[in-house]
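Residue-level structural notes
Below, each chain spelled out in residue letters.
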Amino acid sequence: MKNYLVTGGAGFIGSNFIHYMLKKYSDIKIINVDKLTYAGNLENLTAIENSENYEFVHADICDKDAISAIFEKHNIDYVVNFAAESHVDRSIKSPEIFIETNVEGTVNLLNIAKTFWATGDDVYKEGCKFLQVSTDEVYGSLGQTGYFMETTPLNPHSPYSASKAGADMVVKAYFDTFKFPINITRCSNNYGPYQFPEKLIPLIINNTLNHNDLPVYGDGMNIRDWLYVEDHCKAIDMVINNGKLGEVYNVGGHNERTNITIVKTIINHIKEHVDSSVSETLIKYVKDRKGHDKRYGIDPEKIRKELGWSPETTFEVGIKKTIDWYLNNKAWMENVTSGQYKEYYKKMYGEK
Ligand code: NAD
Ligand code: DAU
């Protein structure tokens, strides 16, 4: 029985990861620690919330006592650190919380895991690992050609990506200084179920369904490299099990699209299958994001060669599945956008 401490498991990727892992393994236990910020939603986990292989702890990763208490109570084998402030636009308005959660929170988790896992000087409990879930944004922005490799120098541009790069460097420093067992994954843009509708794909789906404006930043020609969230979860599982200690693994599936292509794909799908009255007239070009990175593109060769990872869901299939999921889960979207999930939390777990 392996025990996983998953942080930020009530968010988009964390909740998908918990579903993925509990479906795949019956001999694991997952402790999900989440602060339940605006982005954390326990409704994402209703299907497994009563599983005996799952426990939720409402806490901040910066809280030393609360995190130590989890290590005292559970014999943790792996930390998978998803918890973060994750939205670039919010980081431009309020950078401080990004440094607090993304950097200080990560350092707190590292220190506590290191204390509890130490069995000697720079020796740790057998098989334990700290996996830092990072992002391709730490590499900065690409021109028209080339890809981000693990050896690409870090060159973040937003307060969000700078905070993630800062955390990555501390995680790597714990390996170099203390031989502390770590891996870092750097994934491209994810899409799929349970994504908070401030991010491009769920925002555009929701707004199209409601005939609201579709805000496209700048000229819409910025490029992102999209990966279906389950393929990211599969990669994280593989890195936990077989990643070489101290290594970084880039994760991406060569699915580059301009933002305007994404927006038009969503409109066309909804027009064809759901509501023939929607059209591209909903598109509104708006002021560009400050410091807007032009292009992201991952070279996933290392994880493919070393660990045998490859994505299973093509963009064409993934985007249809995603639109259908939001269509079939309108109540989820309504709850998220109206703040009802906070009421849900109070009902399930009481005031805190
Ligand atoms: P998200 O914003 O949907 O979820 C973040 C979760 O962390 C929420 O449940 C939130 O309540 C929780 N959280 C925030 N601050 C916390 C704190 N101080 N203590 C405990 N919990 C806290 O984010 P996401 O899109 O699921 O991203 C998860 C991770 O993956 C992040 O580290 C992000 O940098 C990384 N990542 C995201 C993408 C993407 O496309 N979304 C791509 C690559 C990497
Ligand atoms: O690359 C991985 C990163 O992807 C993650 O590390 C981040 O946590 C995640 O939020 C995401 O960052 P982006 O900034 O790429 O995602 P976002 O959905 O905010 O924007 C995607 C692109 O769409 C980007 O070029 C900005 C643009 N955009 C976004 C919004 C919200 C618009 O044109 N209009 C919008 O309304």
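Sequence order as written defines the numbering, with residues in each chain counted from 1. Chain labels run from A onward and ligand labels from 1 onward, assigned in the order the entries are written. For a predicted model such as this one, the threshold for reporting local features is a pLDDT of at least 70, and the threshold for listing and counting side-chain atom pairs is 80 or more; totals across whole chains, interfaces and linings nevertheless cover every residue. To obtain the side-chain values, all non-hydrogen atoms of the structure were included, while hydrogens and water were left out.

1. Some thoughts on the site of ligand 2
Stated formally: Being near a molecule or strand, for a residue, comes down to having at least one heavy atom within 4 Å of it. The definition of a polar contact used here is a pair of N or O atoms within 3.5 Å, where within protein one atom must be able to donate a hydrogen and the other to accept one, and adjacent residues in sequence count solely through side-chain atom pairs. Using the Shrake-Rupley algorithm and a 1.4 Å probe, accessible areas are obtained, with residue cover drawn only from the displayed protein chains. For the purposes of this entry, the term helix denotes a DSSP run of H or I that reaches at least four residues, the term strand denotes a run of E that reaches at least two, and both are numbered from the N terminus.
The environment of ligand 2 is formed by 22 residues, the closest being Asp136, Tyr160, Asn189, Arg289 and His292. Asn189 is positioned with one of its side-chain polar atoms (N or O) 2.7 Å from an oxygen atom of ligand 2. Side-chain polar atom of Arg289 to an oxygen atom of ligand 2: 2.6 Å apart, as the coordinates give it. Relative to its unbound accessible area of 690 Å², ligand 2 is 94% covered by the protein chains. For the shell around ligand 2, the elements supplying multiple residues, two or more each, are helix 6 (200-209) and strand 10 (214-217).

2. Points about the sheet that holds strand 3 (residues 54-58)
Selection rule: In short, DSSP must find at least two bridges between two strands for them to pair. Whenever a helix is involved, its axis is fitted only over the stretch in contact; in every case the axis is a line through C-alpha atoms, and angles between N-to-C directions fall within 0 to 180 degrees. When checking whether two residues touch, look at their non-hydrogen atoms; a contact exists if any pair is within 4.5 Å.
What the 7 strands build is an open sheet, ordered 3-2-1-4-7-8-12; its pairing is parallel. Lying at the two open borders of the sheet, with one neighbouring strand each, are strand 3 and strand 12 (248-251). The mean angle between the axes of side-by-side strands here comes to 20 degrees, regardless of whether they run parallel or antiparallel. As paired elements, strand 4 (residues 78-81) and strand 7 (residues 129-135) share 4 bridges and run parallel to each other. The residue of strand 7 that forms the bridge with Val80 is Leu131. Strands strand 1 (2-7), strand 2 (28-34), strand 3 and strand 4 of the sheet are contacted by helix 2 (residues 64-73), whose axis makes an angle of about 170 degrees with strand 2.

3. Let's talk about the sheet that holds strand 11 (residues 223-228)
Taking strand neighbours across the sheet as the criterion, the 3 strands line up as 9-11-13 in an open arrangement whose pairing is mixed. Among the strands making up the open sheet, the edge pair consists of strand 9 (189-191) and strand 13 (256-258). Averaged over all adjacent pairs, the angle separating strand axes in this sheet is 50 degrees, with direction ignored. Note that strand 11 and strand 13 share 3 bridges and pair antiparallel. When the bridges of strand 13 are listed, Ile223 appears paired with Thr258. Sitting on the sheet, helix 8 (residues 259-273) touches strand 11 and strand 13, and the angle it makes with strand 13 is about 85 degrees.

4. Some points on the site of ligand 1
Applicable threshold: Amino acids are sorted into nonpolar (Ala, Val, Leu, Ile, Met, Phe, Trp, Tyr, Cys and Pro), charged (Asp, Glu, Lys and Arg) and polar (every other residue, Gly among them).
As a matter of local geometry, ligand 1 sits amid 28 residues, with Ile13, Asp34, Ser86, Tyr160 and Lys164 nearest to it. Thr101 places a polar side-chain atom, nitrogen or oxygen, 3.0 Å from a nitrogen atom of ligand 1. At 2.8 Å from an oxygen atom of ligand 1 is found a main-chain nitrogen or oxygen belonging to Asn190. Surface burial for ligand 1 is 97%, taken as the share of its 840 Å² of free accessible area covered by protein chains. The element best represented in the shell around ligand 1 is strand 7, accounting for 3 residues. For the shell around ligand 1, the residue count by class is 13 nonpolar, 11 polar and 4 charged.

5. Let's talk about the packing of aromatic side chains
Any two aromatic rings considered together are summarised by their centre-to-centre distance and by the angle between their planes. Formally: Classification of ring pairs uses Phe, Tyr and Trp, with its six-membered ring standing for Trp, and accepts pairs whose centres are within 6.5 Å; under 30 degrees between planes counts as stacked, over 60 as edge-to-face, and the remaining range as tilted. Only protein chains enter the area calculation, which uses a 1.4 Å probe; residues under 20% of their type maximum are buried, those over 50% are exposed, and those in between are partly exposed. By definition here, charges over rings are those cases where NZ of Lys or CZ of Arg is within 6 Å of the ring centre and within 35 degrees of the ring normal.
On inspection of all chains with the given rule, the structure shows 21 aromatic pairs. Aromatic side chains Tyr124 and Phe180 sit 5.3 Å apart centroid to centroid with 85 degrees between the ring planes, which places their arrangement in the edge-to-face category. On the criterion of sequence distance, the pair formed by Tyr124 in strand 6 (residues 123-124) and Phe180 in the loop between helix 5 (159-178) and strand 8 (182-187) is long-range, its members being 56 residues apart. Of the residues examined, Phe180 reaches a relative accessible area of 0% and is grouped as buried. Here Trp325 and Tyr326 contribute two aromatic rings whose centre-to-centre distance is 5.0 Å and whose plane-to-plane angle is 85 degrees, an arrangement assigned as edge-to-face. On the basis of relative accessibility, which here comes to 2%, the residue Tyr326 falls in the buried class. An aromatic cluster is built from Phe71, Phe116, Trp117, Tyr124, Phe130, Tyr174, Phe178 and Phe180, whose rings are joined through pairwise contacts. Positioned above the aromatic ring of Phe178 is the side chain of Lys114, whose terminal nitrogen or guanidinium carbon lies 4.2 Å from the ring centre.

6. Quick word on the side chain of Asn255
Looking at where Asn255 falls in the secondary structure, it is placed in the loop between strand 12 and strand 13. Not counting residues within four places of it along the chain, the set of residues in contact with Asn255 comprises Arg224, Asp225, Trp226 and Phe315.

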